[in-house]
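Analysis of the macromolecular model
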Amino acid sequence: MKQIVFIAVVLLCYAIPSASQHAPAELERKLAGKKKLQEIMAEIDKYYKAEEEEKEREKQRKKIHTGNAGAEEVEFEGGPLKWKRWEYFNKTRLKPNGELEDVNAKTFAAFQKTIAKYGDGRQPTGTNIVESGSNAAWSFIGPFNLQHQGGIYRGLCRIDKIVFHPTDANTIFAGANNGGIWRTQDGGNTWTNLNFYFPLQSASGIAVNPNNPNNIFVLTGDGNGGGAVVQNSVGIWVTNDAGGNWFKTNFNSDRQTTAFNGFKLVIMPQLTYIMFAATQSGLYRSQDAGMNWTQVIAATIYDVEFDPAQPGRVYASGNGRFYMSENYGSAGSFSNQTGIAGATRIEIGVSPNNPNYVYLLCGPYTGGTGSNTFQGLYRSTTGGTSNSFVQRTNTPNILCWATSGIKYSANDGDQSSYDLAIDVSPYNAELVVAGGKNVWRSTTGGTAMQNLTVFNEDSGLAKYIHPDVHEIAFNPLNGWLYAGTDGGIYRSTNNGVNWTNLTNGIHTTTFYHMAGAPFDVNRVIGGTQDNGVKYKSNAGDFTHITGADGYDGAFGPSAASNIYTTVNASVLRFDINGNTQTNITPANTSFFPVIAADPVTNNTIYLAAGTPGVMKSTNGGGSWSQVLNQTVKQSIITCPNNANRVYVCGTGSIFRTDNGGTNWTGNLAANPGFINNGQISDINVCSGNSDYVYVTLGGYTAGQKVMYSNDAGANWFSISSTLPAEVKVNCVVVDQGNNSYIGTDMGVFYQAVTSNDWTPYYNQMPRVPVTDLAINQGASRIRAATYGHGIWETALFTPCDVNFSLTGGIAGTQFYQASNILSSTASIVGGNQTSVTVRAGGEVYLAPDFTVYEGNVFNAILGACNSSPVPGAANRAEDIPPVFLSQVEKGNDTTLYPYGYITVNKTQNGTTSVSLNTVQTGDFLIIVTDKNGVEELFRFNENMTGPATLSKPLPVSSFLKGKYFVQLYFNGKLVHVQELIVN
């Protein structure tokens with residue numbers, strides 16, 4: 001029987017700012033009609049700069065004490081941060097004219113094209129996984145669990161939705177923002193992902209059929225991003241086998257053709273064929289189990305609930321309004337509307353303990369009269385009938401960060417469009433729990449509110465859960481209380497007095513960037529959204545070393561050096577163990593700066609700081625000097641074989657220095673051949689030759705994906721080849737042999753130096769954006785940081801075998817090659833998600849028992865290894881660096897250069913010298929050769945009796961202009977290579 005598999009798609013697309021997204025009223029007016037990102041961010045920056053100035057004036061006037069938690073909240077979780085996240089994601093996903101793009105449509109098209117051509121890269125459980133160098137499977141390396149080492153705001157991932165099994169209290173479903181739908185069947189001890197191969201996995205609503213828990217519906221997207229920072233929906237999807245296969249329903253709101261976002265999805269318990277979807281563009285109803293939908297309320301709806309005792313009574317809430325239907329929510333039946341003065345978003349709480357009690361949690365947003373004033377908790381005792389709601393309390397302000405409920409500044413208050421939640425105990429209708437930045441509780445029906453949790457763990461770890469509460473839910477089967485926050489999922493078995501973190505095993509940390517230590521394959525550092533900086537220092541799991549939005553990171557060249565990270569608009573330094581945090585931020589540093597460390601010398605670092613330009617420090621951030629007066633902070637790299645050379649780029653410009661920042665060449669993006677679409681997303685170099693430069697381009701135009709230069713950016717050509725226009729490219733790394741890897745919104749692709757085309761390299765990897773890549777050449781490993789599924793690794797693409805035998809059951813996207821003969825007795829299985837390609841230089845032999853089952857794709861090609869049948873740009877085989885670069889003897893887990901290393905030093909008067917820095921006693925030889933490593937131009941020997949530094953002038957006046965290699969030998973072994981550029 002032929003099985004047809006549909007993959008549910010949840011796309012990451014941040015919506016165009018609009019009034020319905022609840023930016024501050026004044027800011028909404030300023031943004032009205034603007035479509036270009038640059039114009040939008042200019043208004044946002046101006047608005048928040050004025051707000052911060054007013055905040056500082058207020059502090060000076062009142063001399064108020066904010067305390068540690070307040071100071072951290074302003075910096076880490078304020079309004080500007082959420083807009084900077086939005087800018088980060090959108091600035092390389094624009095239309096050619098700079099306007100915001102419909103990213104969801106582009107990503108959906110990219111997903112369709114890639115799975116049609118390559119399959120989805122999955123391997124069904126129980127089949128044989130056959131690996132070769134060209135088919136390495138990725139594996140997850142963390143963070144697995146929440147390991148706390150230091151810093152505040154510990155957490156793993158944002159949990160937006162919590163839904164319970166109808167009959168089993170230990171089975172719980174959790175929706176992780178950007179990370180998919182997860183299920184536990186043992187009360188939270190272990191978790192399983194149900195939609196691993198979605199392109200991206202945010203869910204604004206999850207509904208489980210009470211009569212069939214394997215029948216699960218998902219409203220895609222994320223309406224709770226805060227301000228305008230939301231993820232658009234691509235409809236409602238359903239699975240009938242607990243996530244094995246997904247089908248798209250016919251849900252099609254009136255905003256579907258442009259962009260809309262959702263908030264909640266529910267199934268009527270008594271009549272499970274009736275469903276409701278609360279969205280930005282209205283409340284939608286299905287009466288045929290989700291296949292077809294009709295709009296029943298035209299206004300934005302945030303929440304929808306049912307009367308526990310009357311099946312036909314449906315409640316809904318929107319912008320300052322409460323709606324009720326007594327006719328199963330049918331069209332035209334929501335006649336009863338109650339307005340709550342001053343409120344915007346409203347959430348509803350009901351309890352079977354007393355169905356007549358209906359609670360409304362009302363939170364305003366900033367801007368206008370009554371800004372940041374908690375509008376209160378209301379209750380009706382007559383089932384929500386007209387004009388029956390009475391305010392129970394509006395003090396203290398349970399939506400601000402302080403445990404006292406007292407705002408310490410005019411700008412501290414609710415984040416109602418981002419985090420607002422309420423639920424009522426199923427056993428006690430007077431027990432109400434509400435969530436904003438913290439969790440609060442009333443045991444008197446809302447007349448008195450008690451603080452249950454703290455925003456900052458320094459205020460009391462016993463009460464700490466990660467701040468910003470998106471979901472509060474009582475399990476109706478046992479009354480246990482659950483909270484979904486920016487840091488994970490938490491449980492209380494005593495109505496919120498004590499909490500247990502259940503997030504361990506939900507592998508969905510959202511990474512912006514990562515870095516690996518060149519001297520130790522086990523050391524990795526990465527910056528995450530909401531959950532700080534994660535550090536892996538050994539073969540074990542990552543640990544949390546500081547909080548907030550960690551962004552970029554860098555290692556010095558040895559274990560004697562430091563680790564550097566950027567967090568929001570700060571720059572931090574740690575020792576090699578991730579301890580001893582020191583703030584080293586230059587003045588006026590912008591949000592999300594990027595950082596790079598010198599590849600040879602400890603304590604020399606470069607920072608693309610935004611407004612201050614490119615900064616350099618030679619004392620580990622103790623002091624800084626500006627070396628480039630350009631506002632560029634998209635990517636900055638130092639070159640492994642040329643410590644004097646640094647590349648830095650913004651979204652529309654590239655600059656290079658060949659002398660450690662003294663002078664700069666640029667804009668390289670204006671040089672011949674470069675396609676400058678203003679959306680440069682990353683830059684990197686071949687680890688063996690810094691002349692070989694790769695630049696990735698964002699946007700959605702065919703042929704504008706990857707640029708290459710073999711002369712340090714003087715000339716360029718596109719190597720985009722047949723990458724679909726809709727595939728968004730985010731990052732690039734290059735190995736020592738000049739083979740390249742790119743991270744995209746669809747996974748990783750590889751291009752050999754001898755090839756013209758890109759090969760999918762994402763077997764067993766989830767379909768999420770890859771935001772950063774890192775190679776450890778010595779260990780032959782490549783790692784990928786993802787925007788919602790943590791960090792993954794696999795082996796580098798290796799040369800193919802001479803002969804290769806393919807056996808067993810093969811499914812998913814698979815590629816195998818051999819330079820001579822490839823033979824197979826395999827069975828090609830898996831249905832329409834399988835696409836297997838084989839290539840051999842001499843012969844493809846398919847044995848008599850080789851079988852391809854119906855619905856699968858199999859291709860056989862005769863051709864050389866890593867060749868491509870697709871014509872494209874000229875290959876880069878001529879640019880492979882000298883062979884001696886692969887012979888360098890690398891270090892161990894303490895230093896990359898355990899014998900000694902060399903640095904090339906240039907003075908301002910034009911002289912050049914080479915410095916020998918020794919670690920061991922022995923014979924050292926320095927040789928300078930031409931760029932091919934063949935012609936010797938200079939050498940000197942020195943017998944060193946221990947650690948020392950020796951400098952020797954080089955006769956560069958006798959060299960022609962161009963590149964040379966300086967090689968260091970220790971007792972006859974090549975131990976270090978550096979480039980020498982003669983201008």
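Residues numbered from 1 in each chain as written. Predicted model: local features only at pLDDT ≥ 70, side-chain atom pairs only at ≥ 80, totals over all residues. Heavy atoms only, no water.

Concerning the nonpolar core
Ranked by size, the top nonpolar core spans 37 residues in total, and within it W138, Y741, I742, V748, Y761, M765 and L773 carry the most contacts. For this core, the secondary structure elements donating two or more residues are helix 5 (103–118), strand 47 (689–697), strand 48 (706–709), strand 50 (729–734), strand 51 (740–744), strand 52 (747–751), strand 54 (770–776) and strand 55 (781–786). With five residues, the top contributor of residues to this core is strand 50. Formed by 23 residues, the second largest nonpolar core is a distinct cluster that contains V103, V614, V646 and V648. (Core = buried A, V, L, I, M, F, W, Y, C linked by side-chain atoms within 4.5 Å. Buried < 20%, exposed > 50% of the residue type's maximum accessible area, 1.4 Å probe, protein only. Helix = DSSP H or I, 4+ residues; strand = E, 2+ residues; numbered from the N terminus.)

Quick notes on the sheet that holds strand 27 (residues 481–485)
If you trace the four strands from one edge of the open sheet to the other, you get 26-27-28-29, paired in antiparallel fashion. Two strands close off the open sheet at either side, each with one partner strand: strand 26 (469–474) and strand 29 (500–501). Looking at chain direction, strand 28 (residues 488–492) and strand 29 are connected through two bridges and run antiparallel. Paired with Y490 across the strands is N501, a residue of strand 29. (Pairing = 2+ DSSP bridges.)

Quick word on the side chain of T912
Looking at where T912 falls in the secondary structure, it is placed in strand 66 (residues 912–918). Not counting the four nearest positions on each side in its chain, T912 is found in contact with V904, N905, K906, P953, L954, V956 and L980. (Contact = heavy atoms within 4.5 Å.)

A few points about the pairing of strand 70 (residues 962–970)
With seven of its nine residues buried, strand 70 lies for the most part within the structure. In terms of strand pairing, strand 67 (residues 922–930) meets strand 70 through seven bridges, oriented antiparallel. By the bridge assignment, T929 is partnered in strand 70 with F965. Both strand 70 and strand 71 (residues 973–982) contribute to a ladder of nine bridges, which runs antiparallel. By the bridge assignment, V966 is partnered in strand 71 with Q978. Joining the antiparallel neighbours strand 70 and strand 71 is a turn of two residues, in which N971 adopts a positive phi near 50°.

What about the sheet that holds strand 37 (residues 582–583)?
Spatial strand order, 34-35-36-37: four strands in an open sheet with antiparallel pairing. Each of the sheet's edge strands pairs with one partner strand only, and the pair in question is strand 34 (550–555) and strand 37.

Details of the pattern of salt bridges
Counted under the stated rule, the structure contains 25 salt bridges. Across the pair K84 and D45 runs a salt bridge whose closest N-O atoms are separated by 2.9 Å. Of this pair, K84 sits in helix 4 (residues 79–90) while D45 sits in helix 2 (residues 37–62); the two residues are 39 residues apart in sequence, bridging distant segments of the chain. Looking at K84, the relative accessible area reads 15%, which means it is buried. When the shortest N-O distance is used, the salt bridge between D549 and R85 registers 2.8 Å. With a gap of 464 residues between them, D549 in the loop between strand 33 (543–546) and strand 34 and R85 in helix 4 connect regions that are remote in the sequence. Of the two residues, D549 and R85, neither departs from the other in class, the shared state being buried. A single salt-bridge network, built from bridges that share partners, covers R645, R656, D658, D691, K963 and E979. (Salt bridge = Lys/Arg side-chain N within 4 Å of Asp/Glu carboxyl O.)

Thoughts on the environment of V646
Turning to its location among the elements, V646 is positioned in strand 43 (residues 642–649). On a C-alpha basis, the gap between V646 and A597 in space is 10.0 Å, while along the polypeptide they are 49 residues apart. Not counting the four nearest positions on each side in its chain, V646 is found in contact with Y606, I636, I637, T638, F655, R656, T657 and W664.

Quick notes on the packing of aromatic side chains
Throughout the structure, instances matching the rule amount to 44 aromatic pairs. Seen from their ring centres, Y315 and F322 are 5.6 Å apart, and the 35° between their planes marks the pair as tilted. Classification of Y315 by relative accessible area gives buried; the value is 0%. Looking at F322, the relative accessible area reads 0%, which means it is buried. For the ring pair F322 and F389, a centre distance of 4.8 Å and an interplane angle of 70° mean the geometry is edge-to-face. Taken together, the residues span a long stretch of sequence, with F322 in strand 16 (residues 321–325) and F389 in the loop between strand 20 (376–380) and strand 21 (390–393) at a distance of 67 residues. Grouping residues by exposure puts F322 and F389 together as buried. Aromatic ring contacts, followed pair by pair, group Y88, F89, Y512, Y551, F591, F592 and Y787 into a single cluster. One Lys or Arg, R93, reaches over the ring of F89 and ends 3.7 Å from the middle of that ring. (Phe/Tyr/Trp six-rings, centres within 6.5 Å; stacked < 30°, edge-to-face > 60°. Lys NZ or Arg CZ within 6 Å of the ring centre and 35° of its normal.)

These values are about where atoms sit, not about what they do.
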